[in-house]
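Coordinate inspection notes
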Amino acid sequence: MTTSLLFFCFLLSTISVTTAGIQLIIVNNCKESVWPGILSNGGKPTIQGGGFHLPSGEQFVLQLPNHWAGRIWGRQGCCFDETTGKGTCQTGDCGGQLKCKGTGGVPPATLVEMTLGTSDSPLHYYDVSLVDGFNLPMSMKPAGVGGGGGGGCSDASCAADLNGCCPSSLVVKHDGKVVGCKSACLATKSDKYCCTGEFADPKSCKPTMFARVFKSVCPRAYTYAYDDLTGLMSCLANRYAITFCPPP
């Protein structure tokens, strides 16, 4: 097969539209390795065992079934036994396992949350959430041919490193280095900051001072429990890119 024909076949493979689900391209643009964790919502299949290693500068393509819903986050500073898959991470740890297998990450951790269509609506809803705190910059956006679609298709993003401006009362350190920034809810565990109890509705739950600070730096991120207006994005695309440490 000639070089030109090989290139043509490769090009066709990259622009083909899948009808069997949604393609998710996970990109590590950070200077260090990231260990993505994946947690499916109840009743949805586990993807890639719930976690894997992604070296700096590399990407990995996941095929998600239609109507999949769940969250993806980045673990950092991990060390796992090659045989058992057990170990630890400085942030985002999921029970000391490389494959999270239905276990969520320990906050603080930046999350990408998504619901890829339902029986009531074909639209895909997604956000970059700081509700559980922050550890790594992240973004999610439509990618490639067929990436555009209905619903606006805006980028969800927090490209800034909030660890550098984290209030001292919310800082999480490892060996003297700031590796995470707690949410006010995680730090105080109060109904007011967690939007629970008497504050469990949009009228009584308002963005805190900390949420406003995060919002000023990351206006396209979800910063508190009812941040739907500017934090929740929608689209109808067949592939998306999730990037760790996206360009600003």
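Residues numbered from 1 in each chain as written. Predicted model: local features only at pLDDT ≥ 70, side-chain atom pairs only at ≥ 80, totals over all residues. Heavy atoms only, no water.

Glancing now at the overall build of the protein chain. Of the regular secondary structure elements, the protein chain holds five helices and 14 strands. Counting only residues that meet the buried cut, the protein chain has 43% of its 248 residues in that class. Taking the intrachain contacts of the protein chain between residues at least 6 apart in sequence as the baseline, contacts between residues at least 24 apart amount to 65%. Element-wise, carbon and sulfur atoms account for 56% of the exposed surface of the protein chain, whose accessible area totals about 12200 Å². (Helix = DSSP H or I, 4+ residues; strand = E, 2+ residues; numbered from the N terminus. Buried < 20%, exposed > 50% of the residue type's maximum accessible area, 1.4 Å probe, protein only. Contact = heavy atoms within 4.5 Å. Areas by Shrake-Rupley, 256 points an atom, 1.4 Å probe, with all protein chains shown as cover.)

The next subject is the environment of L236. Relative to the helices and strands, L236 resides in the loop between strand 13 (233–235) and strand 14 (239–244). When the C-alpha positions of L236 and L123 are compared, they lie 5.2 Å apart, and in sequence the two are 113 residues distant.

Moving on: the packing of aromatic side chains. Inspection of the entire model under this criterion finds two aromatic pairs. On the basis of an interplanar angle of 40° and a centroid distance of 4.8 Å, the ring pair of F52 and F60 is categorised as tilted. In this structure F60 comes out as partly exposed when scored by relative accessible area, which is 30%. Over the aromatic face of Y193 sits the side chain of K192, whose NZ or CZ is 6.0 Å from the ring centroid. (Phe/Tyr/Trp six-rings, centres within 6.5 Å; stacked < 30°, edge-to-face > 60°. Lys NZ or Arg CZ within 6 Å of the ring centre and 35° of its normal.)

What follows concerns unusual backbone geometry. With an omega of 10°, the peptide bond between P107 and P108 qualifies as cis. Here P108 lies in the loop between strand 6 (87–88) and strand 7 (111–116). At K101, a residue that is not glycine, the phi angle is positive and equals roughly 50°. Residue placement: K101 occurs in the loop between strand 6 and strand 7. Owing to a relative accessible area of 59%, K101 belongs among the exposed residues under this scheme. At K189, a residue that is not glycine, the phi angle is positive and equals roughly 55°. For K189, the position within the fold is in the loop between helix 2 (184–188) and helix 3 (191–194).

Time to look at the nonpolar core. One finds L24, I26, M114 and I242 to be the most contacted residues of the largest nonpolar core, which totals 42 residues. With six residues, the next largest nonpolar core counts L39, W73, C94 and C100 among its residues. (Core = buried A, V, L, I, M, F, W, Y, C linked by side-chain atoms within 4.5 Å.)

This part takes up the sheet that holds strand 7. The five strands lie next to each other as 2-4-7-8-13, forming an open sheet whose pairing is antiparallel. Bordering the open sheet on either side are strand 2 (35–40) and strand 13, each of which pairs with just one other strand. Geometrically, the sheet is characterised by an average inter-axis angle of 20° between neighbouring strands, direction not taken into account. Judged from the six bridges that link them, strand 7 and strand 8 (residues 124–129) form a sheet pairing that is antiparallel. Its bridge partner being in strand 8, V112 is matched across the sheet by V128. (Pairing = 2+ DSSP bridges. Axes fitted to C-alpha atoms, helices over the stretch in contact; angles between N-to-C directions.)

Further remarks concern the layout of surface pockets. What the largest pocket holds in volume is close to 460 Å³. Residue lining of the largest pocket: 20 residues in total, with E32, Q76, L136, K177 and C245 positioned closest to the centre. Counting residues per element, the lining of the largest pocket draws most heavily on strand 12 (residues 177–181), at three residues. In terms of residue class, the lining of the largest pocket is made up of eight nonpolar, eight polar and four charged. (1 Å grid on protein atoms, 1.4 Å probe; cavity = no way out; pocket = protein on both sides within 12 Å on 5 of 7 lines; lining within 4 Å. Points joined across faces, edges and corners; volume = space filled by probe spheres on them. Nonpolar A, V, L, I, M, F, W, Y, C, P; charged D, E, K, R; others polar.)

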